[in-house]
Amino acid sequence: MGGSREASFGVAAAGVALTVVYALQLSPGMGDLAALLVGVGTCLVQAIGLRGAVEKRPWAFLLASSGSFLCGILLRPWAVEQSGVAYYAADVFTTTGYVLLAAGLWTLLRRLGL
């Protein structure tokens, strides 16, 4: 079990490092790549973790939320160049991500009796 814990710390450290790279805005391309890697990495790690979860429903909601946020991030540069309804395409995914996040947290709290 120690290997799993060490892997978790490694993933967390990579996420923190990429977040720092994004926050420093060293260059537009590097910030975009860091954001993409954090988004894709989050989804991958959650999908791997979901396999071992005893109660899968809340974690499935959180994975879906992360995927929806990632779609919103990827669509944003395209969407801001559009007119009409397409302008809001990224917002639809981002808003859906918040709804799925709330559902996941609600399901977790319900399991705890809160």
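All values derive from a computational prediction rather than experimental measurement.

With that settled, consider the overall build of the protein chain. Secondary structure assignment for the protein chain yields four helices and zero strands. Across the protein chain, helices and strands are ordered from the amino to the carboxyl terminus as α-α-α-α. Overall size of the protein chain, expressed as C-alpha extent along the three principal axes, is 45 × 30 × 20 Å. Counting across all 114 residues of the protein chain, residues that qualify as buried make up 18%. Sequence-distant contacts, at least 24 apart, represent 49% of the contacts inside the protein chain between residues at least 6 apart. The average position of the 7 basic charges and that of the 5 acidic charges among the side chains of the protein chain differ by 17 Å.

Here we come to the packing of aromatic side chains. Evaluated as defined, the whole model comprises two aromatic pairs. Here Phe69 and Tyr98 contribute two aromatic rings whose centre-to-centre distance is 4.9 Å and whose plane-to-plane angle is 75°, an arrangement assigned as edge-to-face. Here Tyr98 lies in helix α4 (residues 89–111) and Phe69 lies in helix α3 (residues 56–79), a separation of 29 residues in the sequence. On the basis of relative accessibility, which here comes to 53%, the residue Tyr98 falls in the exposed class.

This part covers the pattern of salt bridges. This model, assessed by the stated rule, comprises two salt bridges. Between Asp91 and Arg76 there is a salt bridge, and its shortest N-O distance comes to 2.8 Å. Here Asp91, found in helix α4, pairs with Arg76, found in helix α3; they are 15 residues apart in sequence, far enough to count as distant.

Take the side chain of Thr107 next. Tracing the backbone through its elements, the reader meets Thr107 in helix α4. The exposure class assigned to Thr107 is buried, which follows from its relative accessible area of 3%. A polar side-chain atom of Thr107 sits 2.7 Å from the main-chain carbonyl oxygen of Ala103. Sequence-distant contacts of Thr107, defined by excluding residues within four places in its chain, comprise Arg57, Pro58 and Phe61.

Right, let's talk about a nonpolar patch on the surface for a bit. A cluster of nonpolar side chains, namely Leu33, Leu36, Leu37, Val40, Leu44 and Leu74, defines an oily patch on the protein surface of about 510 Å² accessible area. Top element by residues in the nonpolar patch is helix α2 (residues 28–52). It accounts for five residues. Assignment of secondary structure puts Leu44 in helix α2.

A word on α3. Its 24 residues give α3 an end-to-end C-alpha distance of 33 Å, which sits within 8% of 34 Å, the value for a rise of 1.5 Å per residue. By the burial criterion, the buried members of α3 are Pro58, Leu62, Leu63, Ser65, Ser66, Ser68, Leu70, Gly72 and Ala79. Where α3 is buried, its residues touch α2 and α4.

Parameters and conventions
Residues numbered from 1 in each chain as written. Predicted model: local features only at pLDDT ≥ 70, side-chain atom pairs only at ≥ 80, totals over all residues. Heavy atoms only, no water. Helix = DSSP H or I, 4+ residues; strand = E, 2+ residues; numbered from the N terminus. Buried < 20%, exposed > 50% of the residue type's maximum accessible area, 1.4 Å probe, protein only. Contact = heavy atoms within 4.5 Å. Lys, Arg positive; Asp, Glu negative; His and termini not counted. Charge placed at Lys NZ, Arg CZ, Asp CG, Glu CD. Phe/Tyr/Trp six-rings, centres within 6.5 Å; stacked < 30°, edge-to-face > 60°. Salt bridge = Lys/Arg side-chain N within 4 Å of Asp/Glu carboxyl O. Polar contact = N/O pair within 3.5 Å; in protein donor to acceptor, adjacent residues only side chain to side chain. Patch = residues over 30% accessible without salt bridge, like charges linked within 9 Å, V, L, I, M, F, W, Y side chains within 5 Å. Areas by Shrake-Rupley, 256 points an atom, 1.4 Å probe, with all protein chains shown as cover. Expected span 1.5 Å × (residues − 1).

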